[in-house]
Amino acid sequence: MAKSNGSVITVGITGASGAIYAQSILRLLDADRRVARVFLIATDAGLRLLSTELGIVAPDAKKLASLLTGTPAKKIESLPNKDVGASIASGSAVADAMIVAPCSAGALGGIAGGIAADLLSRAADVCLKERRPLVLCLRETPLNRIHLENMLRLHDAGATLMPAMPAFYYGPKSIADIVEQYACRVLALVGLPQPKQYRWKGGKP
């Protein structure tokens, strides 16, 4: 459930394909009245992904959020991935959940191994040790045994694995529909269900 004074959510972006998922999640979070603050972390590969897939190149970290949402992002604070001394690197900092979207197999492995070599993996590690929701939107296919073992390891540690798999039972009319519904499902997992989310009400065989 969202807190009365607003939720604090961390969003990580890695180099796996699917920058549009992160964009949709950030737009929904920035518009959500239940959210007080969003911390945004992009790895070097994630920044390259944003350039390749969305044509977004931020001159500095502070302008990244606004470029992604398309409006002045008042709630979102971009943090350099090298800043391992940032507040969210500590379990004592106020944070309610973290989403990594898209999550590469490399980032998945780093988090599963507890490496915490950068801010993104450290923030994820903090979520696990503090028993906070951590949603990893893996974008990799096909999966090898190492990927599967890392997924199981993270599942057992308390993370939620939410592979970037689109659904079609609600009759999407566009790529934007597919992306938004996936983003809504992700946010529901961190206690922020969205009114735009389609909910199955049963159907005739």
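The notes below deal with the structure included here.

**Notes on the overall build of the protein chain**
Along its length, the protein chain carries seven helices and six strands. Of the regular secondary structure in the protein chain, the N- to C-terminal order runs β-α-β-α-α-β-β-α-α-β-α-β-α. The C-alpha radius of gyration computed for the protein chain amounts to 16 Å, which stays within 12% of the reference 17 Å derived for 205 residues, consistent with globular compactness. Expressed along its principal axes, the backbone C-alpha trace of the protein chain runs to roughly 55 × 40 × 40 Å.

**Observations concerning the packing of helix 4 (residues 105-112) against helix 6 (residues 145-157)**
Two quantities define a packed helix pair, namely the angle between the helix axes and the distance between the axes. Their axes nearest at 9 Å, the elements helix 4 and helix 6 cross at an angle of 45°. One finds that helix 4 runs oblique with respect to helix 6. At the point where helix 4 passes helix 6, the crossing takes the left-handed sense. Contacts between helix 4 and helix 6 involve Ala105, Leu108, Gly109, Ile111 and Ala112 on the former and, on the latter, His147, Asn150, Met151, Arg153 and Leu154.

**Quick notes on helix 7 (residues 175-188)**
With 14 residues, helix 7 should reach 20 Å at 1.5 Å per residue; the first-to-last C-alpha distance of 20 Å fits that figure. Residues Ile178, Val179, Gln181, Tyr182, Ala183, Cys184, Val186 and Leu187 constitute the buried set of helix 7. For helix 7, the elements touching its buried residues are helix 1 (19-31), strand 4 (97-103) and strand 5 (134-138).

**Focus on the nonpolar core**
Core analysis: the largest hydrophobic core is formed by 37 residues, its most contacted members being Ile25, Leu29, Leu40 and Ile99. At the level of elements, strand 1 (7-13), helix 1, strand 2 (35-42), helix 2 (44-54), helix 3 (61-69), strand 4, strand 5 and helix 7 are the ones that each hand at least two residues to this core. At seven residues, the largest contribution of residues to this core is made by helix 1. Excluding its chain neighbours within four sequence positions, the residues that come into contact with Ile25 are Val11, Ile99, Ala101, Ala183, Val186 and Leu187.

**A short note on the packing of aromatic side chains**
Across all of its chains, the model carries five aromatic pairs by this definition. Taking the centre distance of 5.9 Å and the plane angle of 90° together, the rings of Tyr169 and Trp200 count as edge-to-face. With Tyr169 in the loop between strand 6 (160-161) and helix 7 and Trp200 in the segment after helix 7, this residue pair connects regions lying 31 residues apart in the sequence. Residue classification places Tyr169 among the partly exposed residues on the basis of a relative accessible area of 46%. Look at Trp200 and you get exposed, because its relative accessible area is 53%. Consider the rings of Tyr170 and Tyr198, whose centres lie 5.9 Å apart with planes at 35°: the pair is tilted. Highlighted residues: Tyr170 in the loop between strand 6 and helix 7 and Tyr198 in the segment after helix 7, separated in sequence by 28 residues. Here the aromatic cluster, defined as three or more aromatic residues joined through ring pairs, consists of Tyr169, Tyr170, Tyr198 and Trp200.

Reading the values: the criteria
Residues numbered from 1 in each chain as written. Predicted model: local features only at pLDDT ≥ 70, side-chain atom pairs only at ≥ 80, totals over all residues. Heavy atoms only, no water. Helix = DSSP H or I, 4+ residues; strand = E, 2+ residues; numbered from the N terminus. Rg over C-alpha atoms; globule rule 2.2 N^0.38 Å. Axes fitted to C-alpha atoms, helices over the stretch in contact; angles between N-to-C directions. Parallel < 35°, antiparallel > 145°, perpendicular 65-115°, else oblique. Left-handed = near helix turned anticlockwise from the far one by under 90°. Contact = heavy atoms within 4.5 Å. Expected span 1.5 Å × (residues − 1). Buried < 20%, exposed > 50% of the residue type's maximum accessible area, 1.4 Å probe, protein only. Core = buried A, V, L, I, M, F, W, Y, C linked by side-chain atoms within 4.5 Å. Phe/Tyr/Trp six-rings, centres within 6.5 Å; stacked < 30°, edge-to-face > 60°.

So yeah, pure geometry; function would need other evidence.
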